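Fold and contact review
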Amino acid sequence: MLRTNLTAIVLLSLIAPLIPTPGVAAASTPNAQYSVGLTNGAVSVSLNLNLLQNATLLSFEKSFTLPLVHVSAVGSNSTNLAQELQGALRSKNPKAQVNNLNLQVVSSSWSNKTATQWLNISLSFSVTGVSTTQGETARTDLSWKSFAVSSDYPVGNVEINRIGEKYLSGLAADMGVHSGSSSLIQIFYHVNGRPIDSTQFQSAVNNMTILDFSSFETPVSKWQQSHVSVTGETWSFTGGRGLGMVYTQEITEGGQLSTAAYGLFYDLTGTVTAPYGAQVAGDTVIFATGGFTEVAMVGIVFSTVVLWSGAFLFERRIQGKTGRKKTQR
């Protein structure tokens, strides 16, 4: 037992420096709503938007809820949406091609227990035509990542992009009417994080679109980078917090200030993941295509075998010296 433990301890101390460890920022990666993944010759995009509405809590909006929906677009019935997205991407990169699109839209019922209702939009697709390879070096352009679709797009009877105009216009009108402020109550309006006058609130909400990622215009080279593992590098960025439509009440009572926000809102964070050792220049991601990950893993395995042998011989030498000392006694 002692022999086994000694070998393991020596081996672990030797190979520990060879094992990549995740950076601190990697903990936020699983929560990203907008993820772009790069591999040799392929770019995959995954969008998972979780929109929450609590406007039903307002005394003048007790009857408001989002419609119950459960729709999808995949294969042949996703062609029109793929063309819309491709047009938006090509305004940034004329060679971008959208493939393998899959859309899922689901809403929950209003919950009196949690005082919330959810609208979840999941969209995935691949992008080709944005990468070039020279020798064993690939360059992928991600300038299209800040694409925006302005037109409406219905799936059956369900609108998935211009939801402000389709589902929130009446709500915004009612909120705009209830704008009275006093020394005790202050009312504020925001659309996608920007303050809006009550008289312009409905118009701004009508122009809200979900497939708008212009907040990711910042080049990837200015995103926060974190080393995840030997399998990849990740850059992270926050596109926005509290996006959507927000009606805020600030109430002062008994010298105490309380704030309550109502509406439909969501957060938007993004990540870009590329092979280990990748570098960025602006929105161009540069990485080796020579199978670095596989080579690295083979190297680690080979090094482990060599170090295990070395640790075994080292242990034998220690045991041999110990045995001789005991004999001399």
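Reading guide: rules and limits
- Residues numbered from 1 in each chain as written.
- Predicted model: local features only at pLDDT ≥ 70, side-chain atom pairs only at ≥ 80, totals over all residues.
- Heavy atoms only, no water.
- Helix = DSSP H or I, 4+ residues; strand = E, 2+ residues; numbered from the N terminus.
- Buried < 20%, exposed > 50% of the residue type's maximum accessible area, 1.4 Å probe, protein only.
- Contact = heavy atoms within 4.5 Å.
- Areas by Shrake-Rupley, 256 points an atom, 1.4 Å probe, with all protein chains shown as cover.
- Core = buried A, V, L, I, M, F, W, Y, C linked by side-chain atoms within 4.5 Å.
- Pairing = 2+ DSSP bridges.
- Axes fitted to C-alpha atoms, helices over the stretch in contact; angles between N-to-C directions.
- 1 Å grid on protein atoms, 1.4 Å probe; cavity = no way out; pocket = protein on both sides within 12 Å on 5 of 7 lines; lining within 4 Å.
- Points joined across faces, edges and corners; volume = space filled by probe spheres on them.
- Nonpolar A, V, L, I, M, F, W, Y, C, P; charged D, E, K, R; others polar.
- Phe/Tyr/Trp six-rings, centres within 6.5 Å; stacked < 30°, edge-to-face > 60°.

Another point: the overall build of the protein. Of the regular secondary structure elements, the protein holds 5 helices and 16 strands. Out of the 329 residues in the protein, the part that is buried amounts to 40%. Nonlocal contacts in the protein, meaning residues at least 24 apart in sequence, comprise 72% of its contacts between residues at least 6 apart. Put simply, the protein shows about 17500 Å² of open surface, and 55% of that area lies on carbon and sulfur atoms.

Bringing the nonpolar core into the picture now. Counting 72 residues, the largest nonpolar core has Leu85, Leu103, Phe125, Trp144, Phe147, Leu168 and Met245 as its most contacted members. Apart from the residues within four sequence positions on either side, Phe125 is in contact with Val43, Ser44, Val45, Leu47, Leu85, Leu89, Val98, Asn99, Asn100, Leu101 and Phe147.

Taken in spatial order, the 4 strands of this open sheet run β6-β7-β16-β15, and their pairing is antiparallel. The sheet is open, and its two borders are formed by β6 (131-134) and β15 (279-281), each paired with just one other strand. Across the sheet, the mean angle from the axis of one strand to that of its neighbour is 25 degrees, orientation sign disregarded. Relative to strand β7 (residues 137-141), β6 runs antiparallel, the two being bridged by 4 bridges. From the neighbouring strand, Thr132 faces β7, where its bridge partner is Arg139.

Before going further, it helps to spend a moment on the layout of surface pockets. Taken as a whole, the largest pocket spans an internal volume of roughly 260 Å³. Elements with a minimum of two residues in the lining of the largest pocket: β13 (232-253) and β14 (256-274). Among the residues forming the lining of the largest pocket, the class breakdown is 6 nonpolar, 6 polar and 2 charged.

Moving on, we get to unusual backbone geometry. Of note in the backbone geometry, Ala115 takes a positive phi value of approximately 55 degrees without being a glycine. Along the chain, the position of Ala115 falls in the loop between β4 (97-107) and β5 (117-128). Residue Ala115 is classed as buried on the basis of its relative accessible area, which comes to 18%. One non-glycine residue, Asn192, adopts positive backbone phi at about 50 degrees. Mapped onto the secondary structure, Asn192 falls in the loop between β10 (185-191) and β11 (194-195). Of the residues examined, Asn192 reaches a relative accessible area of 23% and is grouped as partly exposed.

Right, let's talk about empty space enclosed by the protein for a bit. Throughout the structure, instances matching the rule amount to 2 cavities of 30 Å³ or more. Looking at the largest cavity, the residues that line it are Leu66, Pro67, Val69, Val105, Leu119, Ile121, Val158, Glu159, Ile163 and Tyr167. Among the residues making up the lining of the largest cavity, the classes are represented as 9 nonpolar, no polar and 1 charged. Each pocket or cavity is described by its volume, and for the second largest cavity that value is around 40 Å³. Around the second largest cavity sit Leu47, Leu49, Leu103, Ile121, Ser122, Leu123, Ile160 and Leu211, which together line it. In terms of residues, the lining of the second largest cavity owes the most to one element, β5, which gives 3 residues. Per-class residue counts for the lining of the second largest cavity are 7 nonpolar, 1 polar and no charged.

Looking now at the pairing of strand β3 (residues 70-74). Burial of β3 is one-sided: the residues Val71 and Ala73 facing one way are buried, the residues His70, Ser72 and Val74 facing the other way are not. Note that β3 and β4 share 5 bridges and pair antiparallel. The partner of His70 across the bridge, within β4, is Val106.

Quick look at the packing of aromatic side chains now. Here the structure, examined in full by the defined rule, presents 11 aromatic pairs. Their ring planes at 50 degrees and their centres at 4.9 Å tell us that Tyr34 and Phe213 sit as a pair that is tilted. Of this pair, Tyr34 sits in strand β1 (residues 34-39) while Phe213 sits in the loop between α4 (201-206) and β12 (224-229); the two residues are 179 residues apart in sequence, bridging distant segments of the chain. Judged on exposure class, the residue Tyr34 and its partner Phe213 are both buried. Through successive ring pairs, a cluster of aromatic residues spans Tyr34, Phe125, Phe147, Phe213, Phe216, Trp223 and Phe237.

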